[in-house]
Amino acid sequence: MSAQVEPAESAEHTRSAAAGNEGAPHRSLAARLVARVGSGAVQVLLILIALFWMVPTLGLLFSSLRSPQDNASSGWWTVFTEPAQLTLRNYAVLLDNPDFVSSFGNTVLITVPSTAIIVVVASLAAYAFAWLEFPGRDWLFLGVVGLLVVPIQVALVPISSLYGGTPLYGSIPAVVLFHVGFGLPFGIFLLRNFFAAIPRDLLEAARMDGGRELTIFRRVILPLGGPAIASLGIFQFLWVWNDLLVALVFAAEASQPMTVALQSEMRQFGANIDVISAGAFLSMVVPLLVFFAFQRYFVQGVMAGAVK
Amino acid sequence: MARVHLSGIGKTYPDGTSAVTGLDLDIAEGEFLVLVGPSGCGKTTALRMVAGLEEISSGTLTIGDRVVNRTPARDRDVAMVFQSYALYPHLSVRDNIAFGLQLRKLPKREIKQRVEDAAETLGLTEHLDRRPRNLSGGQRQRVAMGRAIVRQPQAFLMDEPLSNLDAKLRVQMRAEISRLQRDLAVTTVYVTHDQVEAMTLGDRVAVLKKGVLQQVAPPQELYDHPANLFVAGFIGSPAMNLLQGRLEADGSAARVELGGQSLAVPAALMAERPRLREYLGREVALGIRPEDMEDAELGTGDQDTLLTSTTDLVEALGPELLVHFQLPAPPVVTEDTKELARDAGAEGIDAAAPYSDVIARFSPRSRTGTGQPLRVRVDTGHLYFFDPATGDGIWGEPASATQQKEGTHA
């Protein structure tokens, strides 16, 4: 974001930053050096931690790029000394398997609608809970908060029997509906609290400017709620993408997502680690891409300059 | 531009508390009306009811020829400047100003033209593409003004728009708002707790106390002829000194006894305010403005316009001295003066105290100092008298005159 700031703006930033420093006591050269070294050390440490955290991911990636024989005989780190081991054969095998390809498609068909429905419905509901006056609003919201603590497991049996009499059972919409139902309370709760923190004056200004509720929602609340909505979207996407339990219970074989497919491919003692690791890496890459695509919406201080 | 008419407007909350009661105001086309009063007096609630942000519990609100009691804010065609400015942080200055026009689906060319005209008027042209967070307080305030004027509404509503600015900027913006309002001639209702803003900006000023209108009049009239103790004490800085005294006849003139001292009340003043005769031989609440007192050493005057005391404190402000001293007369204790004391942050008034604190505004040539004997000459032609029980001003006309005046205005 800051790279897009115009020159005039950045000049202003520098000036206000300078003004801000005037009040602080003047620091000696040594003190500033210590501070610089300190922040440098922190950065080095953070980079080390980040690298350490990436080790399993890299391990998975390299395992998926080695043949089953190599994986059986040596650890994945040997690729650093013998890069010739690297091969795309595992991925080729995986993509030749129509069951796996369709399970990837099923995962997308389950995750994208679930996330989209939750984000849309939760943000509309959150706006209503935060800013519209209607009878019973607070009781209803308390009800939503209460739903947060209902464990998913208690619903598995009742929902199964509900689905039982309908063509829904085993289908992709059945899984989507379940995810939406269990994702909404948290989504509404998160967004409602974020929207409620938007200064009332802003909404009233928009009302005075001639905005109807839907216009205010679209042109004031949504842009300001961006970070919260992006977080909800990312969390919901990850949660549904990685879900195994709900899919195991509600998805029939034709609609099973990748998690179920991978689990059923699993052989004893991880004997087929080559295929598993390739599949696992594929299933991991998409949420990562989603995260990186939306992370720019986590902008600090979007509210600055609104009031006072 | 339109006339804004409030008739018996009241606001009662569900818990039964009442913020505004029976507010009658008739604001003429193009008039600048200031609502002023201590915090919690209902002035902001009144403004928000006109804006449509607060439901009206009783009474009728007319803007132009329309009764708008049940019209939502967006359809009332009034613009509001918020105390917090309430700028849209995600929009540039240009889009902030244009927002209302965009929602009204005006042609793009016209929006651009109007926004640029407004920016020109307010000196914002070079900031149009910046975000609110990169603006100074004064610039944000201007953007808030721009958002209001660009819509060319029926009326402007301003809720303490200057209270977040520092003192110097406030003086400058005050003058700008005044100039802008006169140039555009848009009916304006302006809420403030700052009486200097009220006096300098308003064509007329309405003083509210606890949700009830006390007086509405042009600023000078409010200062010269306050309807009651509350208005008298609220308008003017430092505030009018209020003392318990006793009015005694003295031929065609009179004198007011303050403890052991007395002041002459000229015959001309008695003739001007015939109702004063009713109070001869009775207790009155006497008001003396600090600016109607002067150091007796700096001129000559009759002996019976002098008060003597001892200087407690001198505050030298440059062009004037504020001299604090005590007079041997009890302070005025009514509901009005208690409310004033609360607004000033005092704990209350001691009714039993035999002395009152008095502040006088002296010429800087005065040589008085702390602990020195003090002789004060009072401009007795400008004394104020109030009924000590009701707090109403004692003028020539019946007590309800101010209400009738409001009714016949415009």
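Residues numbered from 1 in each chain as written. Chains lettered and ligands numbered in written order. Predicted model: local features only at pLDDT ≥ 70, side-chain atom pairs only at ≥ 80, totals over all residues. Heavy atoms only, no water.

### Some words on the side chain of arginine 204 of chain B
Quick reminder of the rule: Strands here mean DSSP runs of E at least two residues long; helices mean DSSP runs of H or I at least four residues long; both are numbered from the N terminus. Under this definition, polar contacts are N or O atom pairs within 3.5 Å; protein pairs additionally need one hydrogen-donor-capable and one acceptor-capable atom, and for neighbouring residues in sequence, both atoms have to be side-chain atoms.
Positionally, arginine 204 of chain B belongs in strand E9 (residues 204–209). Separated by 2.5 Å, the side chains of arginine 204 of chain B and glutamate 31 of chain B make a polar contact.

### Some words on the sheet that holds strand E17 (residues 321–327) of chain B
Picture the strands of a sheet paired through backbone hydrogen bonds; they go either parallel or antiparallel. Residue and element names in this part refer to chain B. Basically, it comes down to this: Strand pairing is assigned whenever DSSP identifies at least 2 bridges connecting the two strands. Axis angles are defined between N-to-C directions and span 0 to 180 degrees, where every axis is a line fitted to C-alpha atoms and, for a helix, only to the segment in contact.
One open sheet holds the five strands; their spatial order is E15-E19-E16-E17-E18, and the pairing between them is antiparallel. Looking at strand neighbours, the two that pair on one side only are strand E15 (293–295) and strand E18 (356–362), the edges of this open sheet. The average undirected angle you get between the axes of adjacent strands in this sheet is 50°. Here strand E16 (residues 306–316) runs beside E17; their pairing, made up of five bridges, is antiparallel. The residue of E17 that forms the bridge with glutamate 315 is leucine 322.

### Points about the packing of helix H2 (residues 93–103) of chain B against helix H4 (residues 137–149) of chain B
The description of two packed helices rests on the angle between their axes and on the distance between the axes. Residues and elements named next belong to chain B. Note the cut-off: Here is the rule for angles: anything less than 35 degrees is roughly parallel, anything more than 145 is roughly antiparallel, 65 through 115 is roughly perpendicular, and the remaining ranges are oblique. Whether a crossing is left-handed or right-handed is set by the direction in which the near helix is turned from the far one by less than a right angle, anticlockwise for left-handed and clockwise for right-handed. The criterion used for residue contact is that any of the two residues' heavy atoms lie within 4.5 Å. Residues are grouped as follows: Ala, Val, Leu, Ile, Met, Phe, Trp, Tyr, Cys and Pro are nonpolar; Asp, Glu, Lys and Arg are charged; every other residue, Gly included, is polar.
The contact between H2 and H4 brings their axes to 7 Å, and the two run at 30°. As judged from the angle between their axes, H2 and H4 are roughly parallel. The two elements H2 and H4 meet at a crossing, and its hand is right-handed. Residues Val93, Asn96 and Ile97 of H2 touch H4, and the partners they reach there are Val143, Gly146 and Arg147. When the residues that make up the contact of H2 with H4 are grouped by side-chain class, the tally is three nonpolar, two polar and one charged.

### Let's talk about the domain arrangement of chain B
Residues and elements named next belong to chain B. This is how it is decided: As annotated, the domain borders come from an automatic or database domain assignment. In this description, buried area is defined as the sum, over both parts, of the accessible area (probe of 1.4 Å) that is lost when the two are combined. Here, a salt bridge means any Lys or Arg side-chain nitrogen found within 4 Å of an Asp or Glu carboxyl oxygen.
Domains assigned within chain B are domain 1 (4–229) and domain 2 (238–394). A separation of 37 Å is found between the C-alpha centroids of domain 1 and domain 2. Listed by partner, the interface residues are eleven residues for domain 1 and 19 residues for domain 2. Taken over both partners, the interface formed by domain 1 and domain 2 buries close to 1,200 Å², and the fraction arising from carbon and sulfur atoms is 54%. Interface area lost by domain 1 to domain 2 is led by Lys209, Tyr223 and Leu229, which between them contribute 56%. The tally of links from domain 1 across to domain 2 stands at four salt bridges. Our count for the domain 1 to domain 2 interface comes out at eight residue pairs in polar contact (both at pLDDT 80 or more).

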